[in-house]
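What follows is each chain in one-letter form.
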Amino acid sequence: MSSNHIKVTDRATKIEYAIRDVVVPATKLEEEGHEIIKLNIGDPLAYPGLPTPEHMVQAFQEALSKQENGYSHSYGMMDLRIAISKNEKSKNNGGWNCNPDDVYVCHGVTEALQIIFAAFLEEGDLLLSPGPHYPPYLTYPQLYGGRTVEYRLNPSDNWKIDFDDLESKMNENVKLLVLINPNNPTGGIITEEELDRVIKITEKWPQCTIISDEIYDRLNFDNSHISAASRSKSVPVITLNGVSKVYYAPGWRIGYMAIHDPENRLTKVRDGIERLLRSRLCASTPAQKGYLAGLSENDDWMLKYLNKVKKQRDVCVKRINEIEGLEVQVPAGAFYMFVKLTDPQWQNNDKKFVLDLLHEEHVLLVHGSGFSPEFGKGHVRLVYLPDEKILNESFDRIDRFLTRHRENFSDS
Ligand SMILES: Cc1ncc(COP(=O)(O)O)c(C=O)c1O
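About the criteria used
- Residues numbered from 1 in each chain as written.
- Predicted model: local features only at pLDDT ≥ 70, side-chain atom pairs only at ≥ 80, totals over all residues.
- Heavy atoms only, no water.
- Axes fitted to C-alpha atoms, helices over the stretch in contact; angles between N-to-C directions.
- Helix = DSSP H or I, 4+ residues; strand = E, 2+ residues; numbered from the N terminus.
- Left-handed = near helix turned anticlockwise from the far one by under 90°.
- Contact = heavy atoms within 4.5 Å.
- Nonpolar A, V, L, I, M, F, W, Y, C, P; charged D, E, K, R; others polar.
- Salt bridge = Lys/Arg side-chain N within 4 Å of Asp/Glu carboxyl O.
- Buried < 20%, exposed > 50% of the residue type's maximum accessible area, 1.4 Å probe, protein only.
- Expected span 1.5 Å × (residues − 1).
- Arc of directions from axis to C-beta.
- Pairing = 2+ DSSP bridges.
- Disulfide = S-S within 2.5 Å.
- Polar contact = N/O pair within 3.5 Å; in protein donor to acceptor, adjacent residues only side chain to side chain.

Peer 1: Even after reading the chapter, I still don't get the packing of helix 4 (residues 54–65) against helix 11 (residues 285–296), so can you show me in this structure?
Peer 2: Geometry of a packed helix pair, given as the angle between the helix axes and the separation of the axes. Interhelical geometry of helix 4 versus helix 11 gives an angle of 145° and a closest axis separation of 7 Å. Helix-helix and strand crossings are classified by hand; for helix 4 and helix 11 the assignment is right-handed. Within the contact between the two elements, helix 4 uses His 55, Met 56, Ala 59, Phe 60, Ala 63 and Leu 64 and helix 11 uses Pro 286, Ala 287, Lys 289, Gly 290, Tyr 291, Ala 293 and Gly 294. Taken together, the residues that form the contact of helix 4 with helix 11 break down as nine nonpolar, three polar and one charged.

Peer 1: Can you help me understand the pattern of salt bridges in this one?
Peer 2: Between side chains of opposite charge, a pair can form as their charged atoms come close. Tallied over the full model, the rule gives 30 salt bridges. Notably, a salt bridge pairs Asp 396 with Arg 319, separated by 2.7 Å at the nearest N-O pair. Taken as a pair, Asp 396 in helix 15 (residues 388–411) and Arg 319 in helix 12 (residues 301–322) lie far apart in primary sequence, 77 residues in all. Look at Arg 319 and you get buried, because its relative accessible area is 13%. The salt bridge involving Glu 324 is made with Arg 406; its shortest N-O contact spans 3.6 Å. With Glu 324 in the loop between helix 12 and strand 10 (326–327) and Arg 406 in helix 15, the pair connects residues that are 82 residues apart, well separated along the chain. When salt bridges with common partners are traced through the structure, they connect Glu 88, Lys 91, Glu 214 and Asp 217 into a single cluster.

Peer 1: How should I be thinking about the environment of Asp 396 in this particular structure?
Peer 2: On the accessibility criterion, Asp 396 (37% relative accessible area) is partly exposed. Sequence separation between Asp 396 and Tyr 247 is 149 residues; the distance between their C-alpha atoms is 31 Å.

Peer 1: When you look at helix 9 (residues 192–203) in this model, what are you seeing that I'm missing?
Peer 2: Residue pairs three or four apart in sequence face the same way in an α-helix, which turns once every 3.6 residues. Relative to the 16 Å expected for 12 residues at 1.5 Å per residue, helix 9 spans 16 Å between its end C-alpha atoms, a close match to the ideal helical length. Regarding helix 9, the residues found buried are Glu 194, Leu 195, Val 198, Ile 199, Ile 201 and Thr 202. For helix 9, the angular spread of the buried residues around the axis is 160°, confining them to a single face. When the buried face of helix 9 is taken as reference, the exposed residues oriented beyond 90 degrees from it are Glu 193 and Lys 200. Against the buried residues of helix 9 lie strand 5 (160–161), helix 8 (163–169), strand 6 (174–180) and strand 7 (209–213).

Peer 1: Explain the sheet that holds strand 14 (residues 379–383) to me, please; I cannot follow it from the model alone.
Peer 2: As a general point, the strands of a sheet are linked pairwise by backbone hydrogen bonds and lie either parallel or antiparallel. Strands sit in the order 10-11-14-13 across an open sheet of four strands; the sheet is antiparallel. Each of the sheet's edge strands pairs with one partner strand only, and the pair in question is strand 10 and strand 13 (366–367). Direction of pairing for strand 10 relative to strand 11 (residues 336–341): antiparallel, over a ladder of two bridges. Bridge assignment links Glu 327 to a residue of strand 11, and that residue is Lys 340. Against the sheet, helix 12 makes contact with strand 10, strand 11 and strand 14, and its axis sits at roughly 5° relative to strand 11, the strand it touches most.

Peer 1: Can you walk me through the state of the cysteines in this structure?
Peer 2: In protein structure, a disulfide is the covalent linkage between the sulfur atoms of two cysteines. Tallied over the full model, the rule gives zero disulfides. This cysteine, Cys 98, is not joined by any disulfide, and Cys 106 carries the nearest cysteine sulfur, 13 Å off. On the accessibility criterion, Cys 98 (0% relative accessible area) is buried.

Peer 1: When you look at helix 11 in this model, what are you seeing that I'm missing?
Peer 2: Under the 1.5 Å per step criterion, the end-to-end length of helix 11 is 17 Å for 12 residues, consistent within 8% with the ideal 16 Å. Of all 12 residues in helix 11, 10 are buried; the element is thus mostly enclosed. Those residues of helix 11 lying buried are Thr 285, Pro 286, Ala 287, Gln 288, Gly 290, Tyr 291, Leu 292, Ala 293, Gly 294 and Leu 295. With a side-chain oxygen positioned 3.3 Å from the backbone nitrogen of Ala 287, the residue opening helix 11 is Ser 284.

Peer 1: Any chance you could explain the sheet that holds strand 7 here in plain terms?
Peer 2: Judged by pairing direction, the sheet is mixed, and its eight strands sit side by side in the order 2-9-8-7-6-3-4-5 without closing on themselves. Strands at the two margins of the open sheet, each flanked by one partner only, are strand 2 (103–106) and strand 5. Pairing geometry for strand 2 and strand 9 (residues 255–260), over four bridges, is antiparallel. Looking at strand 9, one finds that Val 103 is bridged to Ala 258. On the sheet, helix 10 (residues 267–279) packs against strand 2 and strand 9 and is oriented at approximately 30° with respect to strand 2.

Spelled out as structure tokens, the structure:
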């Protein structure tokens, strides 16, 4: 390597994103002419049958043709903020008193996270996040001097929160406690009783704010999702949501944070958040128009989509129950399942499982340790957005792979 190479920062080289990292070898195989079944990415548009609704696309297009291509307000277009606040207020389960001023529109939840971490975390501060969890909760806090500590979700009890573990990890340095509900990668949904317990624990730590990532809120098969903000009378809760998942438009990059702060503890943090938002100008204006149409117009279509996804979930659960070497807790929401590899050879080798399966059978999953080195290992995440035929074909291949390796393992 040339001695003239300019140094890269440690913070950049520490960044990993398991979901897209496994795409690199898959792309290489594709370049060699192989067709890969990709069950790795939580993007509904990557699979046929779940398109962005037409009325939303039209609203986006109309904004373009009317030249609504300028910057919007830094906190978001007011009519969108009003629509989001109405949506938060009128949720089936757990509406809460959300005002338009409490809503800040961002370039996806991912940008909202960066802004929140920048406003909350100082050197040495901690963020508690469920283990396993969506990877940015591990990677981004460290950019701001913070550190992520995981609290355990119970793999044999529907990935429910292990409260002893959570409580033992709370201390005065914990500035943010993250809930992902429904969870990526487990599909678990937090019950009302669990939410109340989380809030009760957090009440003991007045410097701590709850982040409730509810981006899969309406992807819940038993209509059992409840927003955390609706349960809290004192602890600040920042709800995250957007257009990516339940409105099937992740490429638009529109999401929001909505702040519930019953005791006005976040006045100073809010000022910081607003400064950060102004400094990055605004989120995409025509995409905000598209989201507004989604929130304001009839959403009967959503149930049809949900039923399709649910049917696909059921196919996966049935197949997994029939395959030796796999086990799964039935997910109640989102479009992922976190599958346990029960053969001993894979329990500490979930990444090798993913890479070998990719090379030998051309099916792409994500290794569980990418969602938590401690609580995700020995698992793989599977996305059940493709149609039943593709899912069945994937399970035929996974079964074949497991059987072959079990035989090889016992021979060796
Ligand atoms: C829990 C969770 N939060 C946020 C995101 C990303 O949200 P956005 O597309 O709004 O940045 C994802 C995407 O997979 C996710 O799983």
